[in-house]
Amino acid sequence: MADQRYQVPAVDTDLDETLTLVKNGTTYLFSVAIDNEDSAEQYLVLFDAAATSDVTLGTTAAKYWVSVASGGLKDLQFDPPIRFRNGLVYSYVTQPDGSTGPTNHGHLAYGYR
């Protein structure tokens, strides 16, 4: 199992539907903190993929997703961490299987290794 003492902190202050590669290769996700500044529920969608080109929003199945209420905050710790074999790619959309981004972008902080 991945040791939480060696996780890398990261921040995305312009969270939207843009696919973002955290790391290719085996990746462990320890935590997420999401600030939804939109007036509707949004979803942080996590994909087990080595590159953003491996994901098509609305088509590629997510490994995991997190819903965040309108104007809400969500802070999650994963113990054990979520393991992504190929790599970790994420997006922030209006439906867990959708491709439309929020009107107002969110903020994300996360810990990975």
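Look above for the structure.
Residues numbered from 1 in each chain as written. Predicted model: local features only at pLDDT ≥ 70, side-chain atom pairs only at ≥ 80, totals over all residues. Heavy atoms only, no water.

1. Comments concerning the overall build of the protein chain
- From N to C terminus, the protein chain includes 0 helices and 8 strands.
- Listed N to C, the secondary structure of the protein chain is β-β-β-β-β-β-β-β in terms of helices and strands.
- On C-alpha atoms alone, the protein chain measures out to a radius of gyration of 13 Å, which is about the 13 Å that the 2.2 N^0.38 rule sets for 113 residues.
- The C-alpha extent of the protein chain, read off along each of the three principal axes, is 40 × 25 × 20 Å.
- Per-residue burial over the protein chain gives 41% buried out of 113 residues. (Helix = DSSP H or I, 4+ residues; strand = E, 2+ residues; numbered from the N terminus. Rg over C-alpha atoms; globule rule 2.2 N^0.38 Å. Buried < 20%, exposed > 50% of the residue type's maximum accessible area, 1.4 Å probe, protein only.)

2. Some words on empty space enclosed by the protein
- All told, the structure shown has 1 cavity of 30 Å³ or more when counted by the stated rule.
- If you trace the largest cavity, you find it lined by Val22, Leu29, Val32, Leu44, Leu46, Leu88, Tyr90, Leu108 and Tyr110.
- Counting residues per element, the ones that place at least two in the lining of the largest cavity are strand E3 (27–35), strand E4 (42–48), strand E7 (87–93) and strand E8 (106–112).
- Of the residues that constitute the lining of the largest cavity, the class distribution is 9 nonpolar, no polar and no charged. (1 Å grid on protein atoms, 1.4 Å probe; cavity = no way out; pocket = protein on both sides within 12 Å on 5 of 7 lines; lining within 4 Å. Points joined across faces, edges and corners; volume = space filled by probe spheres on them. Nonpolar A, V, L, I, M, F, W, Y, C, P; charged D, E, K, R; others polar.)

3. Some thoughts on the sheet that holds strand E5 (residues 64–68)
- One open sheet holds the 4 strands; their spatial order is E2-E7-E4-E5, and the pairing between them is antiparallel. The sheet is open, and its two edges are formed by strand E2 (20–24) and E5, each paired on a single side. Between one strand axis and the next, the sheet turns by 15 degrees as a mean value, whatever way the strands run.
- Where E4 meets E7, 6 bridges bridge the pair, whose relative direction is antiparallel. Bridging across to E7, Leu46 finds its partner in Tyr90. (Pairing = 2+ DSSP bridges. Axes fitted to C-alpha atoms, helices over the stretch in contact; angles between N-to-C directions.)

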